Amino acid sequence: MKKRFLGLLLTLFASLNAAAAIQQTKGDFEDKFRQLDEVLPTPNVYRNAAGEPGEKYWQQKVDYNIKTRLDENKRRLVGQQTITYTNNSPYTLKYLWLQLDQNRFKADSISERTSTFSGTGSRGSATKAANSSDPDKISISMLRKLQFQDDVEMGYDISKVQSNGNKLEYVIVGTNMRIDLAQHLKPGESVAFSMDFAYNIAEENAVSARSGYEHFPDDARKGGNDIFLFAQWFPRLHAFTDYEAWTNKEFIGRGEFTLEFGDYEVEMTVPADHIVSSTGVLANPENVLTKTQRERLKKAENAKRPVFIVTAEEALENEKEGTRKTKLWKFKAENVRDFAWATSRKFMWDAKGYHQGGDDQPLVMAMSFYPKEGGDLWKKYSTESVIHTMEVYSRFSFDYPYPTAQSVNGPVGGMEYPMITFNGPRTKLDEKDGSRTYTLAEKRFLIGVVIHEIGHIYFPMIVNSDERQWTWIDEGLNSFLEGVAETEWDELQNIPWRRTTPAIIDYMKSEVQVPIMTQSDSVLNLGANAYAKPTAALNILREVVLGRELFDFAFREFSQRWKFKRPTPADFFRTMEEASGVDLDWFWRGWFYTTDHVDIAVDKVYKLRLDTKNPDIDFDRRRQEELDKPTPLAYQRNAEEGRKLWVELNSDIKDFYDENDRWTVTNKERNDYQKFLKGLEDWERTAFERAVKEDKNYYVIQFSNQGGLVMPILLQLTYKDGSVEDIYIPAEIWRRNSKQVKKLFVTDKDKELTKVVVDANWETADVDVDNNHYPREIIPSRIEAYKAKRTGLVNRDIMKDIKTELKKEDEDDKDKD
């Protein structure tokens, strides 16, 4: 019978399979590499199979002309707007849907009626632990919110909804408003209508509104000053899309906004001593800025460092008095999907020109607006961070297309709108010497949040994704690029940036994880799900799966395809595959549609040696293998006790087997060996004899996928001679068995393997790196000593405490010093 020399290893492999730690059986087979087209929407004339806009792609256009007035004393905004809606769709529209985001704060809104007192995703409250006698808790910030909502009537006052002087019927449904058109709006037609609106401005620090006012009671001006941030401030059209029609899902507070592009002309009447930052370009600088301010702004265009348009000294002087006079500021913005602005007498203002070149927008004015509380932190880093963001993001997408990019300090931690962002970090006042300082965390926060929010002007303010349905497609893509920009700002040792792949590990193995594709309002941990996990996924896709060249080309292709258009996740998935030329369905399915996590373990490593089939060689090897085994304990103890073996005590009794052990070679085995050689074909004998002569090491490494998420195996092999070899095994190794695989590695005779590590550099978000080593390593950790404290009412020394004197308020202040 003919035998193949490679068949000599088969029996060994079979025994290894029998000892497998994780078995995949016929009944539990799961194809991790199924094509994603089973899940994605069918390509059509609006969005094709390549992930690009189809030949009949369309989107609506909405233009706004708004006049608004700020009543600073009443903290109320009043406005009138005329909206021109152009129907570019192939459908006839009977009505229009608008967003009334300020209605979220009304007592009868879905947001308020469905808020929970405790549990995952709740803010401001906490319940007692199970089996605990401690009372439930409510935060003071929650009390503040409840009190503000009791004191201030929230939501829009809408009136005078009309077209061509005729009243239009409308219905308000929570945060949505349906306007019934007098005539059906056919494809290609436009309709103009107007309305008056007003609302009481929310105190942002009280209700967490993404906008609103912040009060500074300690300013020199009597009654203090406010910073006003206006976003979601006017009734806006819902998007009407090819994939969903009207995107009129109620605004509950988490899922952000889906909007149409259009042109804006906006007039704001504010106190005359205010400085205004806004989406768009200032259309009447000669009416609102001094000659000196205009000259400074011109100088800033070519400055090496930011130039102050309003200096710190001027801002400090400005916030002392106040005025009853007003100024009218006019701004114009073209092809934007939203409009936001900020105003305060507290603002200092700096600017620097960013010369990016190109034909579309060669000069961009990067600007920052902030109060004295921003201090040197803002002076040094805000505007510079704005420019750094544009430099990095444009490499991955397109030139920044707008004339301004602004960072404004206020009560909002971080929010984005076309050409303007709201960012929260500040310095802390040292009351002893009047200086202002900041922590490394605040520095990291400012640089990171400015990068993040300015980055949002690219995604989704230009690449106009649907934030209400899929938060991750703008937050994830943007957070990924934020991480790229941060790594190009400073070393990780100097600033511990957060957008790193290992940072997602705890969430990946948590019980609150939901698929990334989950709709925004149903996500249990939005920060981890919509920001951190997609960031980790895209980092891994770029650095591990595709490599930078393929990834960067494909990502740039997606960005340019969907510039000023509205992509869906399917368009992103398809573009990345089509442009990179790599099948990524397994990646999208695992990372975005499941809660699997990465946990690839090295279970076992087997060292195999090829039998020569020559009994004079192989039998001697087996004899030595037996001698190398540990001596059984009983034999060791007998020897230690000096016990003689029977054969030693009776040496006169011997037979054949005392001189010939079980590895003694006979001619029968030698004849079988010759017969084996003669039975081989010429090519088989050549291959076999070469393998015997080379006598290489055959290592079989067994991997198990304990987390369920298939990934490439990043293998690091360390050899006895001290050399290290990195090996990349594509994820497709799991295509037939997603639970366990074995891989054969062949090395030269003098190249002995001593250590195996998976993902040595923590590149794949593996949640358990302890099982990545073979042999296993000691796990480093920490332990802290503590002294137990008695707690509870019964442990108070009331007899002693009753003698304590009551301190006055000023004494408490002295203690703080």
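Report follows, based on the coordinates. (Residues numbered from 1 in each chain as written. Predicted model: local features only at pLDDT ≥ 70, side-chain atom pairs only at ≥ 80, totals over all residues. Heavy atoms only, no water.)

Some thoughts on the packing of aromatic side chains
- Taken as a whole, this structure holds 58 aromatic pairs when the rule is applied.
- Their ring planes at 70° and their centres at 6.2 Å tell us that Phe347 and Phe369 sit as a pair that is edge-to-face. Here Phe347 is found in the loop between strand 21 (341-344) and strand 22 (348-355), whereas its partner Phe369 is found in strand 23 (residues 363-370), with 22 residues between them in sequence.
- Given the relative accessible area of 0%, Phe347 is considered buried.
- For the cation-ring pair, Lys613 lies above Phe676, with the distance from its terminal atom to the ring centre recorded as 5.7 Å. (Phe/Tyr/Trp six-rings, centres within 6.5 Å; stacked < 30°, edge-to-face > 60°. Helix = DSSP H or I, 4+ residues; strand = E, 2+ residues; numbered from the N terminus. Buried < 20%, exposed > 50% of the residue type's maximum accessible area, 1.4 Å probe, protein only. Lys NZ or Arg CZ within 6 Å of the ring centre and 35° of its normal.)

Comments concerning the pattern of salt bridges
- By the definition in use, this model includes 60 salt bridges.
- As a salt-bridge pair, Glu214 and Arg426 come within 2.7 Å of each other at their nearest N and O atoms. With Glu214 in strand 11 (residues 212-216) and Arg426 in the loop between strand 26 (420-423) and strand 27 (428-429), this residue pair connects regions lying 212 residues apart in the sequence. Pair check on accessibility: Glu214 and Arg426 agree, each one buried.
- Note that Lys379 is salt-bridged to Asp376, the shortest N-O span being 3.9 Å. One end of the pair, Lys379, and the other, Asp376, are both in helix 8 (residues 375-396), three residues apart, so they sit about a helical turn from each other.
- Owing to a relative accessible area of 31%, Lys379 belongs among the partly exposed residues under this scheme.
- In the salt-bridge network here, residues are joined through shared partners; they are Asp219, Glu319, Lys346, Lys372 and Glu373. (Salt bridge = Lys/Arg side-chain N within 4 Å of Asp/Glu carboxyl O.)

What about the pairing of strand 24 (residues 404-409)?
- Counting buried residues in strand 24 gives six out of six residues, a clear majority hidden from the surface.
- Judged by which residues are buried, strand 24 turns out to be covered on both faces: Thr404, Gln406 and Val408 on one side and Ala405, Ser407 and Asn409 on the other are all buried.
- Here five bridges tie strand 23 to strand 24, and the two strands are oriented parallel to one another. Bridge pairing in strand 24 places Ser368 opposite Ser407.
- In this sheet, strand 26 lies alongside strand 24 in parallel orientation, the contact comprising four bridges. Opposite Val408, over in strand 26, you have Phe422 as the bridge partner. (Pairing = 2+ DSSP bridges.)

Focus on the environment of Ser738
- With respect to the helices, strands and loops of the structure, Ser738 is situated in the loop between strand 32 (724-729) and strand 33 (740-747).
- In this structure Ser738 comes out as buried when scored by relative accessible area, which is 6%.
- When the C-alpha positions of Ser738 and Ile451 are compared, they lie 39 Å apart, and in sequence the two are 287 residues distant.

Structural notes on the sheet that holds strand 20 (residues 326-336)
- Read from one edge of the open sheet, eight strands run 7-6-10-2-1-16-20-18, paired in mixed fashion. Both outer strands of the open sheet, strand 7 (166-167) and strand 18 (281-282), are each paired with one neighbouring strand and no more.
- Bridge analysis of strand 6 (residues 157-163) against strand 10 (residues 190-200) gives four bridges, and the strand direction is antiparallel. Within the sheet, the bridge partner assigned to Ile158 lies in strand 10 and is Phe197.

Thoughts on helix 10 (residues 471-487)
- With 17 residues, helix 10 extends 24 Å between its outermost C-alpha atoms, agreeing within 8% with the 24 Å of an ideal straight helix rising 1.5 Å per residue.
- Most of helix 10 is tucked away: 16 of the 17 residues are buried. (Expected span 1.5 Å × (residues − 1).)

What about the nonpolar core?
- Core analysis: the biggest nonpolar cluster contains 194 residues, and Trp233, Phe422, Phe572, Phe587 and Trp591 have the highest contact counts within it.
- If one sorts the elements of this core by residue count, helix 12 (residues 526-546) sits on top with twelve residues.
- Within the second largest apolar cluster, six residues are counted, among which are Tyr606, Leu610, Tyr698 and Val700. (Core = buried A, V, L, I, M, F, W, Y, C linked by side-chain atoms within 4.5 Å.)

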